[in-house]
Amino acid sequence: MTSKIPTTVITGFLGAGKTTLVRHLLAHAKGKRIALIINEFGDIGVDKDVLAGCGDETCREEDMIELANGCICCTVADDFIPTMKQILARPDRPDHIVIETSGLALPQPLIRAFNWPEIKAEVTIDGVVTVADAAALAEGRFAANEEAVDAQRRLDEMLDHETPLGELFEDQMVAADMIVLNKTDLVDPAALQAVESELKKHMRKGTQIVRAANGHVDTIALLGLGMSTEDNLAGRESHHELEHDGEGHEHDDFDSFSLTIPSGPGRDQLLTAIADTIATHDVLRLKGFAAIPGARARLAIQAVGPRVNAYFDRDWQEGEARETRLVVIGESPLARDAIEASLKKIAEAA
Ligand SMILES: Nc1nc2c(ncn2[C@@H]2O[C@H](COP(=O)(O)OP(=O)(O)OP(=O)(O)O)[C@@H](O)[C@H]2O)c(=O)[nH]1
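Residues numbered from 1 in each chain as written. Predicted model: local features only at pLDDT ≥ 70, side-chain atom pairs only at ≥ 80, totals over all residues. Heavy atoms only, no water.

By the naming in an unreviewed UniProt entry, the protein chain is Cobalamin biosynthesis protein CobW, taken from Pelagibacterium nitratireducens. Listed in UniProt under the heading Catalytic activity (unreviewed entry), the comment for the protein chain reads: "GTP + H2O = GDP + phosphate + H(+)". Under Function (unreviewed entry), UniProt gives the following word-for-word description of the protein chain: "Zinc chaperone that directly transfers zinc cofactor to target proteins, thereby activating them. Zinc is transferred from the CXCC motif in the GTPase domain to the zinc binding site in target proteins in a process requiring GTP hydrolysis." (UniProt positions renumbered as here; feature names shortened; annotations may be inferred.)

Draft legend 1. Geometry of the pattern of salt bridges. Following the criterion strictly, the structure yields 16 salt bridges and no others. Here Glu 196 and Arg 211 are joined by a salt bridge, their closest N and O atoms 2.6 Å apart. Taken together, the residues Glu 196 in helix 9 (residues 189-202) and Arg 211 in strand 7 (residues 208-211) connect sequence positions 15 residues apart. When its relative accessible area of 10% is taken as the criterion, Glu 196 is described as buried. Taking the shortest distance from any N to any O, the salt bridge between Asp 313 and Arg 298 comes out at 2.7 Å. With a gap of 15 residues between them, Asp 313 in strand 11 (residues 307-315) and Arg 298 in strand 10 (residues 297-304) connect regions that are remote in the sequence. (Salt bridge = Lys/Arg side-chain N within 4 Å of Asp/Glu carboxyl O. Helix = DSSP H or I, 4+ residues; strand = E, 2+ residues; numbered from the N terminus. Buried < 20%, exposed > 50% of the residue type's maximum accessible area, 1.4 Å probe, protein only.)

Draft legend 2. Quick look at the nonpolar core. Among the nonpolar cores identified, the biggest contains 23 residues, and Phe 80, Ile 97 and Phe 114 are the most heavily contacted of them. Breaking this core down by element, the ones donating at least two residues are strand 1 (5-12), strand 2 (34-39), strand 3 (64-67), helix 3 (76-88), strand 4 (96-100), helix 4 (107-113) and strand 5 (123-133). Of all the elements, helix 3 adds the most residues to this core, at six residues. Ignoring sequence-local partners within four residues, the contact set of Phe 114 consists of Thr 7, Phe 80, Met 84, Ile 99, Ile 119, Lys 120, Val 123, Thr 124, Ile 125 and Glu 230. (Core = buried A, V, L, I, M, F, W, Y, C linked by side-chain atoms within 4.5 Å. Contact = heavy atoms within 4.5 Å.)

Draft legend 3. Summary view of empty space enclosed by the protein. In the structure shown here, the tally under the stated rule is one cavity of 30 Å³ or more. Computed from the structure, the largest cavity encloses a volume of approximately 40 Å³. In terms of lining residues, the largest cavity is bounded by Gln 108, Ile 111, Arg 112, Leu 233 and Arg 236. The residue makeup of the lining of the largest cavity, split by class, is two nonpolar, one polar and two charged. (1 Å grid on protein atoms, 1.4 Å probe; cavity = no way out; pocket = protein on both sides within 12 Å on 5 of 7 lines; lining within 4 Å. Points joined across faces, edges and corners; volume = space filled by probe spheres on them. Nonpolar A, V, L, I, M, F, W, Y, C, P; charged D, E, K, R; others polar.)

Draft legend 4. Fine view of the side chain of Gln 172. Relative to the helices and strands, Gln 172 resides in helix 8 (residues 164-174). Among the polar contacts made by the side chain of Gln 172, one reaches the main-chain carbonyl oxygen of Gly 103 at a distance of 3.2 Å. Within polar-contact distance, the side chain of Gln 172 engages the backbone oxygen of Ala 105 at 3.2 Å. Excluding residues within four positions of it along the chain, Gln 172 makes contact with Thr 11, Gly 12, Phe 13, Ser 102, Gly 103, Ala 105, Pro 107 and Thr 130. (Polar contact = N/O pair within 3.5 Å; in protein donor to acceptor, adjacent residues only side chain to side chain.)

What follows is the structure in C-alpha cells.
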C-alpha cells in the first residue's frame, strides 16, 4: 500500500495573504513536488494568474488546478472530490497537495470531505493553516476586535454588528492547526501583542501562532505538521454546524462581481479611483489586472479594505486583450451599479 499524500489546507479571510504564502511556499519547496488546488470567490481567476505570473519554475501550470465554482464548501461532491481523484490518478503523484480556499470559505466541510471513502485511504490532512491579517485585526476591521466593535456599536445603535464576517473569521480560526499571523510589518509590537491576545480568544487551545511578513514562513515549519486533522474534528465546528446540525448553508451574505474597463486612465488616476470607490461603498476586497496606457506590462492590483497595492507583474502576452479586469467582493448587497459607474467614470474621463 502506498502512503497517504499529505495535504495542507490554507484558509483565512479575504486578502489576509493566502496567495502570498503559497507563492513563498512554492518558491521554497526544497525539491518537493507540490500540487496546488485553488478556489476563488469571484469569477476571474486572479490568484492563479498571480501565481503563474511569478515566473518560478515550481509554479508549473499543470500542477495548479483551479476549482471552477466559487465555494469549495458547497461543491465538495461535484468539484473537489473529482479533482482530488484526478490528482491521485496521475502516474506522477505529487509529494504534497496544497489547497488554497477562498477567503469566504468555511473550512469545515472541506476538512470533513477527507473522510469520504473515495479519497480517505489515499490522502490525509497534514494541517489546516489559517492566515490572519494582523493589520486588519489591529484596525478592528472584523468583529474579532471586540473593543473596536463595541466602540462602533456605541456610535451607531442602528447597525447590526453581528456580521457574517465575524462568524466566518471565527470558523476559520477554530479550524486551524496553525495560525500564520501575517502582515506583521504593518503593525507595531504593542498592537501585535494585543492582536495575538485577541486571537487566542477565538482559537482552539494549543493552536500555534506563527508571525510572518509577506507569507515568509519556513517550509519546514509549514509542511509536515502530521496532524491527520480529518481524524480530529472535535472543537472545530463552525457556527453553522453548531446552529443547524450540518445542513447546507447560504452564501448570500457576500457578493462579488467582475467588470472590465477599457485601457484609459493612468496608474495614479486609476488607483485613486479604486481607493475612493472602496471607501465609499465598503468594498472588502478588489483585485485584478489593469492595462495602463504606454505600459508594456500589466498592472496587478490588490486591494484589501482601504489598502491598495499595485505592481507590474509581467508583460502583456500576444493575443491577450489589453484591458482592465477587476473582481469586487463585499458584504451583500453590494451596490454593483454604483461601484461600476464610479470605476468606469475615471476611464471615460481619461
Ligand atoms: N504589507 C504587507 N502586505 C502583504 C503581506 N502579505 C500579503 N500582502 C499583500 O496583501 C494583498 C493580498 O494578499 P493575497 O496573498 O492576495 O491575499 P489572499 O488571502 O490570497 O486574498 P484572497 O484570495 O482574495 O482572499 C496583496 O497586495 C499582498 O501583496 C504582508 O505580510 N505585508
